[in-house]
Protein chains: 2
Amino acid sequence: MPAGPSGLIAVDAMGADDGPHVVVEGAIEASRSGAGVTLVGPAELLRTLLQQFNATLPIVDAPEAVTMDESPLVALRKKPRASIKVACEFAASGQAAAVFSAGHTGATLFAAHAAFGMLPGVERPALAVIVPTRTGSAVLLDAGANVDCRASHLMQFGVMGAAYAEVALGCARPRVGLLSIGEEAGKGNDLTREAHALLSTAPVEFIGNLEARQLFSGDADVIVCDGFTGNIALKVGEGVVELLLAKLAAASSSRSEGSAGLSAEAASSFSAAKAGGAPLIGVNGLVVVGHGRSSARAIANGIALTARLAQGGVVPRVAEAVRRVLN
Amino acid sequence: MPAGPSGLIAVDAMGADDGPHVVVEGAIEASRSGAGVTLVGPAELLRTLLQQFNATLPIVDAPEAVTMDESPLVALRKKPRASIKVACEFAASGQAAAVFSAGHTGATLFAAHAAFGMLPGVERPALAVIVPTRTGSAVLLDAGANVDCRASHLMQFGVMGAAYAEVALGCARPRVGLLSIGEEAGKGNDLTREAHALLSTAPVEFIGNLEARQLFSGDADVIVCDGFTGNIALKVGEGVVELLLAKLAAASSSRSEGSAGLSAEAASSFSAAKAGGAPLIGVNGLVVVGHGRSSARAIANGIALTARLAQGGVVPRVAEAVRRVLN
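These numbers were taken from a predicted model, which means no experiment stands behind them.

Draft legend 1. A look at the packing of helix H6 (residues 151-168) of chain B against helix H12 (residues 314-326) of chain B. Residues and elements named next belong to chain B. The N-to-C vectors of H6 and H12 enclose an angle of 140 degrees; their axes lie 9 Å apart at closest approach. The angle between H6 and H12 falls in the class oblique. The element H6 and its partner H12 pack so that their crossing is right-handed. In this structure, H6 uses Met155, Gln156, Val159, Met160, Ala163, Tyr164, Glu166 and Val167 to contact H12, whose residues at the interface are Val314, Arg317, Val318, Ala321, Val322, Val325 and Leu326. Taken together, the residues that form the contact of H6 with H12 break down as 12 nonpolar, 1 polar and 2 charged.

In structure tokens form, the structure reads like this:
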């Protein structure tokens, strides 16, 4: 675990869907709110963008970028100076405490793995997303880093997720649930049945299977699933909110005025913009992935989250939990 | 394919979470709206319940019932006169056109399979649910009949789902999408990548992968997935709506009054009560599964849906599509 300058975040300036100016704007906002930020990307371009915002921030030059349509492994091989690769290496060498990127998740995963390596005993990293619940928040992992998982991966996600929830949510003893399609142990598919058995003997507060409608009920603090299922679950949530807002907007033109604003308020608790990002848990370094469709505000929130997680020592705490349990 | 009396629906009176009186009340409501209904369950009990509602309906005696905590195969073996088994056999013998049950999905699946058999060429039946979209409705299958699927199953779901959408939604040439975690063909897990290749050569209007947020966008008329993923997707939708309603209720006590009603209106389009049920497509008979948590109104809607599907000839039309494509 490298000990980078406390609070300094290496921000991959490339990769957000709306372009680097959004990242630069978000980084400036985060910096003004007290975060230490270094921008990583084409130096010339970043200087021009900073000038447009009348701001200055340190820059690490990385003339290349991985685009969304590229195979991440091939792209990283062909582009040794890609911004996400340079950002991860910059932090791994001890010059920053953490990395934030709103770029290609797969490329971020591979670059992070190459630069930091994994925590001993962890087979796969997981994207840990914070979701809203009726009573507060919960951690869902994996949100999309691993589309095909084995039961042992899910068990490790449970251990790492509990350690992460202690830091991120302040839970004393997080309740860990397994996302499945029925509450009884025998319900689910081959993967969840096997994972249920492994989690039952793991040293976490395992509360058994959770149905998908319990994701937001507050019944669990940590929700474990494979990355395919986690991605589906989160994106269904986004889709439902979008549909409801569209219906409400149509309806409210002829009904009470306050509704649209009220619904937007309720729906905003689901948006990726609010949380800002999700750390790649299991990597031996702190790397936070933002949503590709992030606004400048979402980028700023993501950088602030990264700074908080660095300060909370999330990587050493997950490493300690993993060391106790998995080795 | 048995040719039961047109429009007569055998209703499994047992199995709804709130008890047989809810099913009886819903069946009476459906009957008053013009559906032909036969109740299947303990005759004595059903007569008493009908008296309480001052109504009469034909009864087929079935003194046993499969409960939610039983293993369906074991229960069906131990209880040869279970209501779902008797209802399926009643319809398979030509005495009813279709079966409706709000009971144990697994037991319904096995009883239907035993009584009707499968359509030739179909390996697995699928639960086909109608979901709301921005532009109308779409069919999602499998919603939970098969938790572990092979790619060939998903291809067959696409073919059957397209035939079902023609009847249920009136689509001329339904657009079939594969639920995955990225739009490109290479995105997804092992199962979806293989299914993508099979669906690409199947004689359906295959539009490729759909992200989960596109479930409700109207981009596809038929959404194909394994039963684990489908169940997760639908139940996340329910959970999000419940969470939003809870948040709106809390907020609206101090805000505009119209909001709660308006939101309930928008949210109701997601509720199982509205659609009423989902047919088991691929079985050589018409069996519609209602939500266990159904209200009397939901039961009535489910019976009405069953009658419409029987009248639309959904089973012969799916059989014809399958015959053309799979054999």
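Draft legend 2. Layout of the sheet that holds strand E6 (residues 129-132) of chain B. Residues and elements named next belong to chain B. Taken together, 5 strands build an open sheet; the order of strands is E6-E7-E10-E8-E9 and the sheet is mixed. Strands at the two margins of the open sheet, each flanked by one partner only, are E6 and strand E9 (205-210). With strand direction ignored, the average angle separating the axes of adjacent strands in the sheet is 30 degrees. Relative to strand E10 (residues 222-224), strand E8 (residues 175-179) is paired through 3 bridges, and the arrangement is parallel. When the sheet's bridge partners are listed, Val176 is paired in E10 with Val222. Along the sheet, H6 contacts E6, strand E7 (137-141), E8 and E10; its crossing angle with E10, the most-contacted strand, is approximately 160 degrees.

Draft legend 3. Examining helix H7 (residues 190-201) of chain A more closely. Residue and element names in this part refer to chain A. Considered for burial, the residues of H7 that qualify are Leu191, Thr192, Ala195, His196 and Leu199. Looking down the long axis of H7, one finds its buried residues gathered within 130 degrees of arc, a one-sided arrangement. Of the exposed residues in H7, the ones pointing more than 90 degrees away from its buried face are Glu194 and Thr201.

Draft legend 4. Geometry of unusual backbone geometry. Between A:Leu141 and A:Asp142 the backbone carries a cis peptide bond, its omega angle lying at 10 degrees. Within the element layout of this structure, A:Asp142 appears in the loop between strand E7 (137-141) and helix H6 (151-168). Positive phi is not limited to glycine here, since B:Asn54 has a value of about 55 degrees. Residue position: B:Asn54 is located in the loop between helix H2 (43-52) and strand E3 (59-61).

Draft legend 5. A look at the environment of A:Ala321. Residues and elements named next belong to chain A. With respect to the element layout, Ala321 can be found in helix H12 (residues 314-326). Taking the relative accessible area as the measure of exposure, Ala321 reaches 7% and is therefore buried. For Ala321 and His196, which are 125 residues apart along the polypeptide, the C-alpha to C-alpha distance reads 20 Å. Sequence-distant contacts of Ala321, defined by excluding residues within four places in its chain, comprise Val159 and Ala163.

Cut-offs used in this document
Residues numbered from 1 in each chain as written. Chains lettered and ligands numbered in written order. Predicted model: local features only at pLDDT ≥ 70, side-chain atom pairs only at ≥ 80, totals over all residues. Heavy atoms only, no water. Axes fitted to C-alpha atoms, helices over the stretch in contact; angles between N-to-C directions. Helix = DSSP H or I, 4+ residues; strand = E, 2+ residues; numbered from the N terminus. Parallel < 35°, antiparallel > 145°, perpendicular 65-115°, else oblique. Left-handed = near helix turned anticlockwise from the far one by under 90°. Contact = heavy atoms within 4.5 Å. Nonpolar A, V, L, I, M, F, W, Y, C, P; charged D, E, K, R; others polar. Pairing = 2+ DSSP bridges. Buried < 20%, exposed > 50% of the residue type's maximum accessible area, 1.4 Å probe, protein only. Arc of directions from axis to C-beta.

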